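Structural overview
These are the residues of each chain, in order.
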Amino acid sequence: MDGLTPVEQRAPGRWQIGTVAQVKQETPRVKSFRIELPMWMPHLPGQHYDVRLTAPDGYRAQRSYSVASSPLDEGEIELTIDRLDDGEISPYFHDVVVEGDQVEVRGPFASYFVWRGEAPVLLVGGGSGVVPLMAILRHRRRAMPELAMRLVYSVRSAEDVIYAGELDDDAVLTFTREPPEGWAGHTGRIDAGLIAQGGIEAGTAFICGSNGFVEAATGFALAAGFDPQRVRTERFGPTG
């Protein structure tokens, strides 16, 4: 068998060492990390990767983070991480990790919360729940720009808007606490009017955020006429 080159397994579930190619400050508490992967494989918008840190004494901590990038970004993924002060992994990424560092990841992993090209689509996100929705929106913009899709995004204040430079006419925002000066759009929590403003009256809805946010948004989507079988939800808990 001498002379044969071993072929690396290209399948989710195997840990690999990625290199941080870019770090971007999205908000005061959120950063995006572009990670180059030696065993990259296309993901579906909505999938996630596991991240693992190993301490010098052998202790390991592991968390899951949604992929924010389009699967068209060959060779790399983007993970957007919200800093939780009592977390084990997010403070390390925010306070320690810089471009050129290596991190251990595995994936992509799927749930039913993935977009496979259905249309039309309503995306509803609260806070950092926008991350997997952004992967869907970014992919649609590049692969199927004619497809009907709208993002409804709820944030506390202007400084909390993740991907602020990328939100365009296909996004509708509401500010629950401090709207920016001169803001003439929606303010306050998500409601039926905001769902209607999204302009998608039927199709598939992807809803991601805290438990309370998901419950409320799902109720408004169902009341607007969405088929319960086409309302997909993902709940973000305080994992760090």
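Summary of the structure given here. (Residues numbered from 1 in each chain as written. Predicted model: local features only at pLDDT ≥ 70, side-chain atom pairs only at ≥ 80, totals over all residues. Heavy atoms only, no water.)

1. A closer look at the pairing of strand E7 (residues 121-126)
In terms of burial, E7 is largely enclosed, as six of its six residues are buried. Burial of E7 is two-sided: the residues Val 121, Leu 123 and Gly 125 facing one way and the residues Leu 122, Val 124 and Gly 126 facing the other way are all buried. Each parallel crossover has a hand, and the one from E7 via helix H2 (residues 130-143) to strand E8 (residues 149-157) is right-handed. Two strands pair when backbone bridges link them, and E7 and strand E11 (residues 204-209) are joined in this way by five bridges, in the parallel orientation. Looking at E11, one finds that Leu 123 is bridged to Phe 206. (Buried < 20%, exposed > 50% of the residue type's maximum accessible area, 1.4 Å probe, protein only. Helix = DSSP H or I, 4+ residues; strand = E, 2+ residues; numbered from the N terminus. Right-handed = clockwise from strand over helix to strand, strands pointing away. Pairing = 2+ DSSP bridges.)

2. Some points on the sheet that holds strand E4 (residues 60-66)
Pairing is antiparallel in the open sheet, where six strands are placed in the order E4-E3-E6-E1-E2-E5. The two strands at the open ends of the sheet, each matched to only one other strand, are E4 and strand E5 (76-82). Each adjacent strand pair in this sheet contributes to an overall mean axis angle of 40 degrees, direction not counted. Sheet analysis places strand E3 (residues 48-54) next to strand E6 (residues 102-109), joined by four bridges and oriented antiparallel. Opposite Val 51, over in E6, you have Val 105 as the bridge partner. (Axes fitted to C-alpha atoms, helices over the stretch in contact; angles between N-to-C directions.)

3. Some thoughts on the packing of aromatic side chains
Tallying each qualifying case throughout the model produces four aromatic pairs. Ring geometry for Phe 33 and Phe 93: centres 5.0 Å apart, planes at 80 degrees, overall edge-to-face. In this pair, Phe 33 sits in strand E2 (residues 30-36) while Phe 93 sits in helix H1 (residues 90-95), placing the two residues 60 residues apart along the sequence. What makes Phe 33 buried here is its relative accessible area of 0%. Across the ring face of Trp 15, the terminal group of Arg 52 is positioned such that the distance to the ring centre comes to 4.1 Å. Looking at Arg 138, its charged tip hangs above the ring of Tyr 163, at a distance of 4.9 Å from the centre. (Phe/Tyr/Trp six-rings, centres within 6.5 Å; stacked < 30°, edge-to-face > 60°. Lys NZ or Arg CZ within 6 Å of the ring centre and 35° of its normal.)

4. Comments concerning the side chain of Glu 26
Within the secondary structure, Glu 26 sits in strand E1 (residues 16-27). Here Glu 26 occupies a buried position and makes no salt bridge, while the nearest side chain of opposite charge, Lys 24, is found at 4.0 Å. For Glu 26, the side chain forms a polar contact with the side chain of Ser 32, separated by 2.8 Å. (Lys, Arg positive; Asp, Glu negative; His and termini not counted. Salt bridge = Lys/Arg side-chain N within 4 Å of Asp/Glu carboxyl O. Polar contact = N/O pair within 3.5 Å; in protein donor to acceptor, adjacent residues only side chain to side chain.)

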